[in-house]
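Chain residues, written in single-letter form:
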Amino acid sequence: MKQYQVGIIGATGMVGQRFATLLEHHPWFHVAVLAASSRSAGKTYEEAVGGRWQLSAPMPESMKGMVVLDAENDLKKIAGQVDFVFCAVNMDKRKAKELEEAYARAECPVISNNSANRGVPDVPMIVPEINPDHAQVIETQRRRFGTKRGFIAVKSNCSIQSYVPAVTPLLDLGVTKILACTYQAVSGAGKTFRSWPEMVDNVIPFIAGEEEKSENEPLKIWGRVENGVIVNAVSPSITTQCLRVPVSDGHTAAVFVSMKKKIPTEEMIGRWENYSGEPQRLHLPSAPKHFLHYFHEEDRPQSKLDRNLENGMAISIGRLRPDTQYDYKFVSLSHNTLRGAAGGGVLMAELLCAKGYLD
Ligand SMILES: NC(=O)c1ccc[n+]([C@@H]2O[C@H](COP(=O)([O-])OP(=O)(O)OC[C@H]3O[C@@H](n4cnc5c(N)ncnc54)[C@H](OP(=O)(O)O)[C@@H]3O)[C@@H](O)[C@H]2O)c1
């Protein structure tokens, strides 16, 4: 496989740091550029991050001395040095949209973790095991931008990564409604217990914008491509409550589903255990061997024990049982900054490379 030169925009942040560690020894991608805001620009990566390194894995030695560029003012220079960029910035939504579009127009594809472009019908929102075919709308987007290479592809919100993968293998049974309560880690806000001490021994029942994203984004992922754009699915109906809980990493969801055709719980578990997609078929470097793992123990999955399953790229499911109000209920867990953010972004880029969109 060809070697790709890549940039990380937002490299100093929580998700950017994850990208840095995941890409340090990546077989296809070499980090040629680190970029962030003007506050960090001109400093070495080590200086710019300062005391903000949030991961237990150390900062990659090869990146410590790299000089951080300004994602906005150095855009042309960055676009000229890399084949594509990963982007995870904490910016005003309008500005983030403009920034991503400017990179795409400069013929530099953007693999984005930001929400700014998620609602655009010709911007694919890809979970590689679920809707790899949505990549085809990139051609429509390129026509809109007038580009040969440049485009934007986005990752979904981290909260839905725990329950959308678990519901997907059940969709053909006619899933009519879903209720999901998510219990989300502090790293999902780009923070740790050190930088957010109020979260110790506490639950906060509000995460701005999260419930809206959690109810809408699955319908795009389960949507179909029509006339070169994605048309969102109209069902199932989804309602959510999203809570911030005192967990460092790992978003858990308590999920209730109703469906037209009921099957025994063993059959549902079989569907999960046998589910696989393009990443497994193509043996992509970051793909988990098994996307969905079912735990038969009644006290699993647990965020602390199970979030790092298959390098944080697998989804853990457990506690499937009938419910009195819905047909079934279960619990599912995903690592929010790995599968839910940087790891999911890297896997999406691998898929798009394998399909020729990043050549
Ligand atoms: N944390 C998660 O679990 C998670 C999951 C999925 C998606 N996301 C999304 O990923 C994005 C980043 O999240 P995060 O948790 O990594 O945030 P974060 O830790 O606050 O980091 C934000 C990054 O954005 C950079 N930035 C801020 N203003 C900028 C500007 N004007 N130009 C260029 N870079 C700028 C910062 O650079 P400086 O250091 O120079 O200020 C920093 O690198 C957000 O859109 C978030 O919603 C996060």
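None of these values were measured; they are calculated from a predicted model.

(A) Spotlight on the site of the ligand. Near the ligand you find 28 residues, and of these G13, A36, S40, N90 and G190 are the closest. When residues of the shell around the ligand are assigned to their parent elements, the largest contribution, 3 residues, is made by helix α1 (residues 14-23). When the residues that make up the shell around the ligand are grouped by side-chain class, the tally is 10 nonpolar, 16 polar and 2 charged. Shared between two domains, the shell around the ligand takes at least three residues from each, and those domains are domain 1 (4-157 + 341-354) and domain 2 (158-335).

(B) Quick look at the environment of K155. Structurally, K155 is set in the loop between β6 (152-154) and α7 (164-167). In sequence terms K155 and K220 are 65 residues apart; their C-alpha atoms lie 11 Å from each other. Those residues in contact with K155 that sit more than four places away from it in its chain are S112, N113, A341, G344, G345 and M348.

(C) The arrangement of the sheet that holds strand β14 (residues 328-334) in detail. Read across the open sheet, the 6 strands follow the order β10-β7-β11-β14-β13-β12; overall the sheet is mixed. Strands with a single pairing partner mark the edges of an open sheet, and in this sheet they are β10 (237-244) and β12 (292-295). On average, each strand axis in the sheet is tilted by 20° relative to the strand beside it, whichever way the strands run. Strand contacts of helix α8 (residues 210-221): β7 (175-184) and β10, with the helix running at about 145° to β10, the strand carrying the most contacts.

(D) The arrangement of unusual backbone geometry in detail. Of note, the bond from S235 into P236 is cis; its omega dihedral lies within 30 degrees of zero at 5°. Inspection of the secondary structure puts P236 in the loop between β9 (229-231) and β10. For the bond from R300 to P301, the omega torsion is 0°, close enough to zero to count as cis. Assignment of secondary structure puts P301 in the loop between β12 and α11 (303-306). At N311, a position not held by glycine, the phi torsion is positive, near 60°. Along the chain, N311 falls in helix α12 (residues 309-312). A residue is classified by how many C-beta atoms lie within 10 Å of it, and N311, with 14 of them, is partly exposed.

(E) Up close: the sheet that holds strand β2 (residues 29-36). In spatial order, the strands read β3-β2-β1-β4-β5-β6; together these 6 strands make up an open sheet with parallel pairing. Each end of this open sheet is capped by a strand with a single partner; those strands are β3 (69-70) and β6. Sheet analysis places strand β1 (residues 4-9) next to strand β4 (residues 84-87), joined by 4 bridges and oriented parallel. In the strand pairing of β4, I8 is matched with F86.

(F) Structural detail: the domain arrangement of the chain. The assigned domain composition of the chain is domain 1 (4-157 + 341-354) and domain 2 (158-335). Placing the centre of domain 1 and that of domain 2 at their C-alpha centroids yields a distance of 24 Å. Looking at the side of domain 1 that touches domain 2, the elements with two or more residues in it are α6 (138-145) and α13 (338-354). Of the residues forming the side of domain 1 that touches domain 2, the biggest block, 8 residues, is contributed by α13. Counted by class, the side of domain 1 that touches domain 2 contains 16 nonpolar, 13 polar and 6 charged residues.

Rules used in this analysis
Residues numbered from 1 in each chain as written. Predicted model: local features only at pLDDT ≥ 70, side-chain atom pairs only at ≥ 80, totals over all residues. Near = placed C-beta within 6 Å. Helix = DSSP H or I, 4+ residues; strand = E, 2+ residues; numbered from the N terminus. Nonpolar A, V, L, I, M, F, W, Y, C, P; charged D, E, K, R; others polar. Domains from an automatic or database assignment. Contact = placed C-beta atoms within 7 Å. Pairing = 2+ DSSP bridges. Axes fitted to C-alpha atoms, helices over the stretch in contact; angles between N-to-C directions. Buried ≥ 20, exposed ≤ 12 C-beta atoms within 10 Å, placed from the backbone.

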